[in-house]
Amino acid sequence: VGGPRSTPMKLRDTPSACPALWRSLRCPPAELRLDLVLSSGQTFRWWESSPGAWTGVLGGRVWTLRQERDRLWYTVYGEEEEEEDGHTGEEVKPDGAETDQILRDYFQLDVGLPALYRAWAAADPLFAKVSKDFPGEVSPGSLESCRGTHPPPLTSSPPAGVRVLRQDPVECLLSFICTSNNHISRITAMIERLCQAFGRRLCHLDARALHAFPSLSALTGADAEARLRALGFGYRAKFVSGTARAIAEGLGTEGLCQLRAVPYPEARRVLCALPGVGAKVGAWGRAGEWILVAGADGGARWQVADCVCLMSLDKAEAVPVDTHVWRIARQRYGAVLGGGKSLTPRAHQEIGDFFRGLWGPRAGWAQAVLFCADLRKGQETTRSRDRARGGQSQDSCGNGHP
């Protein structure tokens, strides 16, 4: 208790606020839709801080992003350096070439989306139908005026803009361990509590404190599991702290990142050996039933590993398969895969192979589009139902990943 308190910085939600501190990249909505990508369960560290503006933590820095026509605008906030009088030091304008590259890498902007969409639609009539019905390009000016709770008006332009992020492997892995039997809103709140409790404070924006994702050393302390349980992580506390310890004592952060250079099956095998991914675990349900959770069987184990492979380890061919994807493969594509009535490792492999054969080497990206379309449709249905009841909507997406 006590000690100097820093003066909060003010959120910069438009380039007109401190123009000298904003930069932009050319990035049309056909290549990226922030409102779809940052809210679809790939990452849990961004929120719509004002209409059309998305604020979050990336690479140990706090950013605000927004799109206006064919430009992706961004501003980066300086890290707090508390002085003896309780004020923060001068904010240093970041190197533009460096921050441009961070965003290009994070959003994988070197991958052109429109050609991929055309190829997927040509190969798959169902993808063509779903993508046709999916929100397309945002009307000019609507990104500046539309709130996230109401999807922006759309033109008849071809739908696009959903892409796979390239995240930090440690953050991605530990975050997806938290997704079992969960939904996006709750996962986001859990990750926020995790960062507040274990992460380095970066700055205050208005009244909100922003923290970096915790280091491995912060999560391997003797009391880490108990503290995570106190934060509401439940059975996941053991696996977050256990995986952090296994990485710290084994692969190390560098070794985990080096999985980007190994073949996809090898990366998945290494991930499945980690306690938070590969351990057999379950939980008792309210009706006394035993509920399988992350790592409970081969299918669930591969599901978490594939999310990490796809979203942080450059394995664009990885197709995370849950019971929803399994059902789609059987019912919509008529694929008889894996045998049996449960999502076994064999079924997971055969379903992944089926979609890789259908969509090609970026099959995981194609699945992300279909998942996002399905999620948006479900959110619209929930909002319509809640408006009819006069209630409030809450998103839900099963395990919270494509």
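Structural data are supplied above this passage.
The structure contained in this document is the topic of the report that follows.

Calculation notes
Residues numbered from 1 in each chain as written. Predicted model: local features only at pLDDT ≥ 70, side-chain atom pairs only at ≥ 80, totals over all residues. Heavy atoms only, no water. Helix = DSSP H or I, 4+ residues; strand = E, 2+ residues; numbered from the N terminus. Buried < 20%, exposed > 50% of the residue type's maximum accessible area, 1.4 Å probe, protein only. Contact = heavy atoms within 4.5 Å. Areas by Shrake-Rupley, 256 points an atom, 1.4 Å probe, with all protein chains shown as cover. Phe/Tyr/Trp six-rings, centres within 6.5 Å; stacked < 30°, edge-to-face > 60°. Axes fitted to C-alpha atoms, helices over the stretch in contact; angles between N-to-C directions. Parallel < 35°, antiparallel > 145°, perpendicular 65-115°, else oblique. Left-handed = near helix turned anticlockwise from the far one by under 90°. Nonpolar A, V, L, I, M, F, W, Y, C, P; charged D, E, K, R; others polar. Salt bridge = Lys/Arg side-chain N within 4 Å of Asp/Glu carboxyl O. Core = buried A, V, L, I, M, F, W, Y, C linked by side-chain atoms within 4.5 Å. Domains from an automatic or database assignment. Pairing = 2+ DSSP bridges.

The next point concerns the overall build of the protein chain. Across its full length, the protein chain holds 16 helices and nine strands. With 402 residues in all, the protein chain has 53% of them scored as buried. Residue pairs at least 24 apart in sequence account for 69% of intrachain contacts in the protein chain once pairs closer than 6 positions are excluded. Working note: accessible area of the protein chain is about 17900 Å², and carbon and sulfur atoms make up 53% of it.

This part takes up the environment of Arg-104. If you trace the backbone, Arg-104 turns up in helix 2 (residues 96–106). Taking the C-alpha atoms as reference points, Arg-104 and Leu-25, separated by 79 residues in sequence, lie 8.9 Å from one another. Once you skip the residues sitting within four places of it in the chain, Arg-104 turns out to touch Leu-25 and Leu-109.

A full pass over the atoms with the stated rule returns 11 aromatic pairs. A ring pair is formed by Trp-46 and Tyr-106, whose centres lie 6.3 Å apart and whose planes are at 40 degrees; its orientation type is tilted. In this pair, Trp-46 is assigned in strand 2 (residues 46–50) and Tyr-106 in helix 2, connecting sequence segments 60 residues apart. Assessed through its relative accessible area of 6%, Trp-46 is described here as buried.

Quick look at the packing of helix 6 (residues 169–177) against helix 9 (residues 236–249) now. The contact between helix 6 and helix 9 brings their axes to 9 Å, and the two run at 155 degrees. The orientation of helix 6 with respect to helix 9, classified from their angle, is roughly antiparallel. Seen along the crossing, helix 6 lies across helix 9 with a hand that is right-handed. Facing helix 6, whose interface residues are Leu-173, Leu-174 and Ile-177, helix 9 presents Arg-236, Phe-239, Val-240, Thr-243, Ala-244 and Ile-247. Class assignment of the residues belonging to the contact of helix 6 with helix 9 gives a composition of seven nonpolar, one polar and one charged.

The next thing to look at is unusual backbone geometry. One non-glycine residue with positive phi stands out, namely Asp-206, at about 55 degrees. Tracing the backbone shows Asp-206 in the loop between strand 6 (201–205) and strand 7 (208–211). The phi angle at Asp-314 is positive, at roughly 65 degrees, despite the residue not being glycine. Mapped onto the secondary structure, Asp-314 falls in the loop between helix 13 (298–312) and helix 14 (323–331). Accessibility expressed as a relative area gives 35% for Asp-314, which makes it partly exposed.

Let us now look at the pattern of salt bridges. For the structure on display, the rule yields 14 salt bridges. As a salt-bridge pair, Glu-98 and Arg-61 come within 3.1 Å of each other at their nearest N and O atoms. Of this pair, Glu-98 sits in helix 2 while Arg-61 sits in strand 4 (residues 61–68), and the two are 37 residues apart along the sequence. Under the relative-accessibility criterion, Arg-61 is labelled partly exposed at 23%. Between Asp-353 and Arg-356 there is a salt bridge, with the nearest N and O atoms lying 3.0 Å from each other. Taken together, the residues span about one helical turn, with Asp-353 and Arg-356 both in helix 15 (residues 345–359) at a distance of three residues.

Another point: the nonpolar core. If you look at the biggest cluster of nonpolar residues, it comprises 79 residues, and the most contacted ones within it are Trp-120, Leu-271, Ile-351 and Trp-359. Formed jointly, this core draws a minimum of three residues from each of two domains, domain 2 (112–130 + 316–381) and domain 3 (169–311). When residues no more than four places from it in sequence are discounted, the contact partners of Trp-120 are Phe-127, Trp-359, Arg-362, Trp-365, Ala-366 and Val-369. Cys-27, Trp-63, Leu-65 and Val-76 belong to the second largest nonpolar core, which has 19 residues in total.

Where strand 2 and strand 3 (residues 53–58) come together, four bridges link them in antiparallel fashion. Bridged to Glu-48 within strand 3 is Trp-54. Hairpin connection from strand 2 to strand 3: two residues lie between these consecutive antiparallel strands, with Gly-52 at a positive phi of about 85 degrees.

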